[in-house]
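The chain contents come next:
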Amino acid sequence: MESNSISLKDVWAKTDPFQSIVTHATLSGLAAQVIWEKLPEGVREELACLLSITQEQGKAWLGYLVSLHDIGKVEELFQWQWPEMRARMEKAGKKPEFADTKVRHERTTVAALNERIWKELGAEKSLRSFYAGVLGAHHQGKDGEGGSKHTKNSSFWNGLQAELEETMRHLFLKTEVAFFPPIEKPQKGPAGALLLGLTILSDWIASGDLFADAETWFDPEKTWAEAEQKVERFLEDSGLCSPDVDFGREFSEVWSNIPRNGLRGLQEDIEVLFGETEERISVVLIEAPMGEGKTEAGIYAALQMARQWKKHGFYVGLPTSATSNQMVGRMREFLALHGLEDTVRLLHSMAWLVDEDLPEMQFDTEEEAYAARWLLPVRRGLLAPYAVGTVDQAMMAVLMVKYGVLRLLGLAQKTLVIDELHSYDVYMSELIERLLEWCKALEIPVVMLSATLPPEKKAQMLSPYMTEELPQDYPAITAITEDGRAVVRKISRTEKHSVVSVSLCPILQDPEQIARKAAELVQDGGCLCVLLNEVDQAQTVYQALKQMGFDGETLLFHARFPAEWRQEIEAQCIRWFGKDKSHRPKKAILVATQVVEQSLDVDFDTMMTAVAPIDLLLQRVGRVFRHEDTPRPPQFQAPTLCVLTPQDPENYHDVYPPCLRNQSIYLLQDRTAIRIPDDMPQLVADGYDMTAAPPEELEHWMEHLMENEAMSSASTQYLIRSPGKGFSPMKTPESIQFDDLEQSGFLSAKTRLGPPTKRIVLLEEEAFRQLAERAKKVEGIRILDNLSKSEEKDLLKQSVSIQEKKLEGKRSSTEVLYGRKRLEGLLVLRGEQKDGTIFYHNMKLDHELGIRFQS
């Protein structure tokens, strides 16, 4: 066989079934052009602007660029891997000199384009390096060298590579002369992110089942339109694109269930702000007390900004899975008002337990697992037009995470809404700040909502958009336009003005006294929340309450219950204390941790709370007298707050810095009341101001500032570079810190700085034995990787997340099973059951108290 008997049509890109490099390249470029047409107009405009070309040129260039992503497969070492091609190459006398060398085709792509093909076509060095670098990152974190450069067969394979480039250039650019869009360094970050995301997505679509048999029917001259229709249907069926919906410009058009005369002051003011501001708005910060309709105002702002920037949809990021679970229901009801049924996706690590039935998924390769993770109709992540989840899902876009660029591509198509902004610590705030830098660069409009926000954090969150000092109005709407102009509008009226009676009670280290005080407060009826800062505290106080024979309803709510029990407790909490008053108890005490602090719509007659930073205390008091229609006992005519303080502060420790706890005590010790909202801004400002603290607290403050600096530094090791520093894709295993498969618990943990956690299931002996019979032994451990979807779901419903350091002692291989696939990171432990309680080493689990640890 002659050497020229191997043609481009023989060169493989896929083998099972066979797909030639020409077919795959063409389909990848075609898919990219279809995606381009389906992108919101704002994304097309921005990318064309970054590349200094027209949208029509942008479509042509994108098709050409993406079509060349696998040109590195046209290389002898790569082709040698497939037995059928190996036989053909041997017959043609094209056996490689170093046949067992491990090769990465994407590295060969970079070398072929940057060092030879585009260089010969006259491309400027910086441009060919940039565009080749984008293509070279489409598989991330792979080991291996680029293909052979100088062997006896080099000229043959180089010729085929040049032929493929010329074919794609004629097909997509329709020109003999190569064209390379000019781009400056500051634009390379956002442009590179968008181009890389589009390349990855196009490659996955062209490599999937949609075109598995394309070699038998696809012909660019005859079936181009048919292939386009396949991609269009896939994008529509998968929810990766949606029609541009006109939600209206008036508030009552957007929220058609709120009549014009029912608008709250904040809602009227946000409508006026958008009516009076001619420029496009980049970011909106809404600061207002609880109960002012912030969520509705935030969604209104998000949709108006999406219209301004020609984007579609929104992503609502919240602090916790529990708050996300609630919000997704509200957003589905809202979109149903506009005829958009079943369009909202729930995104957090356990969302598949509560959101929807997923199809069974089998993956033969790692790459297929990633593609399915993003492309299956029910797992389309941030690429979906409307989604709700934890803010972590958005923050992962700026972590050094494999395929994290797809998160940026998804966010670039919509508005980002960050709720409960005050609840994120220094570490998370650093991540959010970097995310906002990328949002500005990618023209992603952002809405941030907060009840109380320290001035320093407000300045940090707005620093990517402007650096000048803003007036500290409260409650207020702050908008920053695309040219950096600030528009601050103080809210004309607040619906809720209240005076909360406040008292300090130094009994925090005595659970029996707390229980007695709680029982006294509601001895004549009423609903009380006792909110403590740590689970152990809550469990101990709850036990004391039960032991003293309290004659009302009691409920314990914290995060250390198994998932299913926790959902049941949350539902009971809302049933008793939520908007529907028909099941509200006459006398009840809820003992809880911070799980009731954020976005949970519950209402109490009074509250006892462990001392905490002042903004969190104000957040907590928002759960007292929350609903106007709640029937209350005669002794509760106004909201009251009892702040529990330690008797011995030097020997008291919890999750909050001592200086912030002590500052709250200092600010409240001479007060008898807090005026809501009037006193809130000054209290929050003073609560985080070291100069407002008494001199004896200086040492605590210095420790706190040093810890903050350490937390800030800790975040930078995981962050991608700022967009203005150019394009730096992650290609090597060393540059990628995390995986982005659903089961990667370590990745989620790195969006929050704290002790590592482990998700466990405690089972009694018989249940464990039955499960162990199904386990496979691999390298000395027993793994669970063959359970059905429903069995996995049942198992995870019994799981609970605990600090890893709490898992004391060595675990015998006979008492632990290790989860795999969707159960990755899960430990199933064999306990011993006695009187309804399951014991395991230093842990015990019972239905009333959840997981407890024995000292």
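Thresholds applied
- Residues numbered from 1 in each chain as written.
- Predicted model: local features only at pLDDT ≥ 70, side-chain atom pairs only at ≥ 80, totals over all residues.
- Heavy atoms only, no water.
- Helix = DSSP H or I, 4+ residues; strand = E, 2+ residues; numbered from the N terminus.
- Buried < 20%, exposed > 50% of the residue type's maximum accessible area, 1.4 Å probe, protein only.
- Polar contact = N/O pair within 3.5 Å; in protein donor to acceptor, adjacent residues only side chain to side chain.
- Contact = heavy atoms within 4.5 Å.
- Pairing = 2+ DSSP bridges.
- Axes fitted to C-alpha atoms, helices over the stretch in contact; angles between N-to-C directions.
- pLDDT = per-residue confidence, 0-100.
- Patch = residues over 30% accessible without salt bridge, like charges linked within 9 Å, V, L, I, M, F, W, Y side chains within 5 Å.
- Areas by Shrake-Rupley, 256 points an atom, 1.4 Å probe, with all protein chains shown as cover.
- Salt bridge = Lys/Arg side-chain N within 4 Å of Asp/Glu carboxyl O.
- Parallel < 35°, antiparallel > 145°, perpendicular 65-115°, else oblique.
- Left-handed = near helix turned anticlockwise from the far one by under 90°.

**Details of the side chain of Arg-626**
Among the structural elements, Arg-626 can be located in the loop between helix H24 (614-621) and strand S16 (640-644). A relative accessible area of 17% places Arg-626 in the buried class. A distance of 2.8 Å separates polar atoms of two side chains, one belonging to Arg-626 and the other to Asp-601. Excluding its chain neighbours within four sequence positions, the residues that come into contact with Arg-626 are Met-290, Lys-496, Asp-601, Val-602, Asp-603 and Arg-632.

**Overview of the sheet that holds strand S26 (residues 843-846)**
Spatially, four strands are ordered S24-S25-S26-S27 in an open sheet, and the strand pairing comes out antiparallel. Pairing within the sheet leaves two strands with one partner each, and these edge strands are strand S24 (832-834) and strand S27 (850-853). Averaged over all adjacent pairs, the angle separating strand axes in this sheet is 25°, with direction ignored. Pairing of S26 with S27, which is carried by four bridges, proceeds in the antiparallel orientation. Residue pairing in the sheet places Lys-844 in a bridge with Arg-852 of S27.

**Looking at the sheet that holds strand S14 (residues 587-592)**
On the basis of which strands lie adjacent, the open sheet formed by seven strands has the order S13-S14-S12-S15-S16-S11-S17 and mixed pairing. Across the chains shown, the open sheet's two edge strands, defined by having one partner strand only, are strand S13 (553-557) and strand S17 (673-676). Pairs of neighbouring strands in the sheet enclose a mean axial angle of 20°, with direction left out of account. Across the face of the sheet, helix H22 (residues 535-547) comes into contact with strand S12 (526-531), S13 and S14 while running at roughly 165° to S13. Taken strand by strand, H24 contacts strand S11 (498-505), S12, strand S15 (606-610), S16 and S17, and its axis lies near 155° from that of S15.

**What to know about the confidence of the model for the chain**
Considering every residue of the chain, the mean pLDDT works out to 87; 89% of them sit at 70 or more. Confidence drops under pLDDT 50 across residues 355-366; counting only partners more than four residues distant or on other chains, this segment forms 26 contacts. For residues 731-751, every residue scores under 50 in pLDDT, and the model assigns this stretch 67 contacts once sequence neighbours within four places are set aside.

**Observations regarding a nonpolar patch on the surface**
Where nonpolar side chains cluster on the molecular surface, the patch consists of Met-690, Leu-698, Met-702 and Leu-705 and spans about 330 Å² of accessible area. Within the secondary structure, Leu-705 sits in helix H27 (residues 698-716). Residue Leu-705 is classed as partly exposed on the basis of its relative accessible area of 38%.

**A word on the pattern of salt bridges**
Taken as a whole and assessed by the stated rule, the structure comprises 35 salt bridges. With a closest N to O distance of 2.8 Å, Arg-632 and Asp-603 form a salt bridge. A residue pair is termed long-range when its members are at least 10 positions apart, and Arg-632 in the loop between H24 and S16 and Asp-603 in the loop between S14 and S15 qualify at 29 residues. For Asp-603, a relative accessible area of 0% corresponds to the buried category. Across the pair Glu-773 and Arg-769 runs a salt bridge whose closest N-O atoms are separated by 2.4 Å. A single network of salt bridges, built from pairs that share partners, joins Arg-584, Asp-603, Asp-605 and Arg-632.

**Some words on the packing of helix H1 (residues 21-38) against helix H3 (residues 55-67)**
Between H1 and H3, the shortest axis-to-axis distance is 7 Å and the interhelical angle comes to 150°. Of the possible angle classes, the one that applies to H1 and H3 is roughly antiparallel. As for how H1 packs across H3, the hand of that crossing is right-handed. Judged by residue contacts, Ala-25, Ser-28, Gly-29, Ala-32, Gln-33, Trp-36 and Glu-37 of H1 engage Gln-55, Gly-58, Lys-59, Ala-60, Leu-62, Gly-63, Val-66 and Ser-67 from H3.

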